[in-house]
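Okay, here's what each chain looks like letter by letter:
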Amino acid sequence: MGHYVCGIRFDYLCSSRYPRITYPFVHKSNNLKFNFKFKGNWYLKSFFYIGFPSFLAEMGISVFTIAYNIAIVSAAGTMGAAAFSIVNYTHSIALLLFLGLSSATQPLISYYQGAKMYKEQKAIVKYGITSSVIIGLVIIVIGQVFTTQIISLFGSFTPELIALGTESIRIFFFAYLFMGTNFVLITFMQTSGHVNFAIFITAIREFVLVIIFLLVLTPLLGTVGVWLAVPIAEFIICILLSVYFIFIKRKDKLTAL
């Protein structure tokens, strides 16, 4: 099945998932052993190459937090930073849902790619996209209807902070309509031979678009511009992914989508 199903993703070795991976190997009752004997440099290169988009995505979380803190403080001061902390906590929960969904589809997409079972691969991608859209819609509805309740989970705040927190949640949560789909499609590219584009799209998603929109929209729209940066960036990424997949489908006559 080639390099689509071999190795461990690089980001797993650089995150909190690492203890869960190593436990079966170090426990006394295990029958598994590490094997670092690579048959040539190709395996080692693939090890880092295929997992690099995931590594960029993990790094992007830090960039997102730093960039948003700077932008919201410039627009609304310490009250803006407090509002962002509420958004960031709720965002972490939603982000983990989408990361879990994309991680669950990854081994199946890899396996079906290597086995040339494109019909089954197509079904997995469709299930992933459908699930991500449903999850995104549920999160948006919760954010619109139960905004005050969400804010109250983090403490008692002044009316001004509640108003700013309400604005942030009701705008920012629209990003989840596209975010899950983007994760699934990037995972598909990463595990089906389109790693270069996966690296490209992940890089501009994590390090370029959000920062550009924060720089442009914050002076124009204030706090509204800050909260709009991620939803607009995710929408643009979704469009780029759609255009790319239409292109490769026509060029390579792929049956996976």
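Data block above holds the structure.
Scope of this entry: the structure provided in the associated data block. (Residues numbered from 1 in each chain as written. Predicted model: local features only at pLDDT ≥ 70, side-chain atom pairs only at ≥ 80, totals over all residues. Heavy atoms only, no water.)

Side note on the packing of aromatic side chains
Where we set the bar: Any Phe, Tyr or Trp ring, taking Trp's six-membered ring, that has another such ring centre within 6.5 Å forms a pair; planes under 30 degrees apart are called stacked, those over 60 apart edge-to-face, and the others tilted. Remark: exposure states derive from per-residue accessible area (1.4 Å probe, protein chains only) relative to the maximum for the residue type, with buried under 20%, exposed over 50%, and partly exposed in between. For the purposes of this entry, the term helix denotes a DSSP run of H or I that reaches at least four residues, the term strand denotes a run of E that reaches at least two, and both are numbered from the N terminus. Counted as over-ring charges are cases with an Arg CZ or a Lys NZ within 6 Å of the ring centre that also lie within 35 degrees of the ring normal.
Going through the model one piece at a time under the given rule, you end up with 15 aromatic pairs. Pairing Y68 with F84 gives two aromatic rings, centres 5.4 Å apart and planes at 25°, and the pair type is stacked. The pair Y68 / F84 is uniform in exposure class, with both members buried. Ring geometry for F98 and Y176: centres 6.0 Å apart, planes at 35°, overall tilted. Residue F98 is located in helix α2 (residues 41–114), and its partner Y176 is located in helix α6 (residues 176–190); the two are separated by 78 residues in the primary sequence. Assigned by exposure class, F98 and Y176 land together as buried. Among the aromatic side chains, those forming a connected cluster through ring pairs are F64, Y68, F84, F98, F172, F173, Y176 and W227. A cation over a ring is seen here: R205 above F183, with NZ or CZ 4.7 Å from the ring centre.

Comments concerning the packing of helix α3 (residues 118–145) against α6
Applicable threshold: For helices, the fitted line uses only the C-alpha atoms of the stretch in contact; every axis is such a line through C-alpha atoms, and the angle between N-to-C directions lies from 0 to 180 degrees. Geometric relationships in this document are graded by angle, where less than 35 degrees denotes roughly parallel, more than 145 denotes roughly antiparallel, 65 to 115 denotes roughly perpendicular, and other angles denote oblique. If you view the pair so one helix is near and one far, a crossing is left-handed when the near helix is turned anticlockwise from the far one by less than a right angle, and right-handed when it is turned clockwise. For this analysis, residues touch if any pair of their heavy atoms sits within 4.5 Å. The nonpolar class holds Ala, Val, Leu, Ile, Met, Phe, Trp, Tyr, Cys and Pro. Asp, Glu, Lys and Arg form the charged class, and all remaining residues, Gly among them, are polar.
Packing of α3 against α6 brings their axes to within 7 Å, and their N-to-C directions diverge by 160°. Accordingly, the angle class assigned to the pair α3 and α6 is roughly antiparallel. The handedness of the crossing between α3 and α6 is right-handed. Contact residues: α3 offers Q121, V125, G128, I129, S132, V133, G136, L137, I139 and I140, while α6 offers Y176, L177, G180, T181, V184, L185 and F188. Broken down by class, the residue content of the contact of α3 with α6 amounts to 11 nonpolar, six polar and no charged.

Considering helix α7 (residues 195–221)
Selection rule: Helix span, expected: 1.5 Å multiplied by one less than the number of residues in the helix. Across the chain, bend at a residue is computed as the angle between axes fitted to the seven residues ending at that point and the seven starting from it.
When the terminal C-alpha atoms of α7 are compared, their 36 Å separation across 27 residues agrees well with the 39 Å that a helix rising 1.5 Å per residue should span. Along its length, α7 reaches its greatest deviation from straightness, about 40°, at R205. Looking one or two places after α7, you find G222, whose phi comes out positive at around 70°.

What about unusual backbone geometry?
The backbone phi angle of K116 is positive, close to 60°, even though this residue is not glycine. Following the sequence through the fold, K116 ends up in the loop between α2 and α3.

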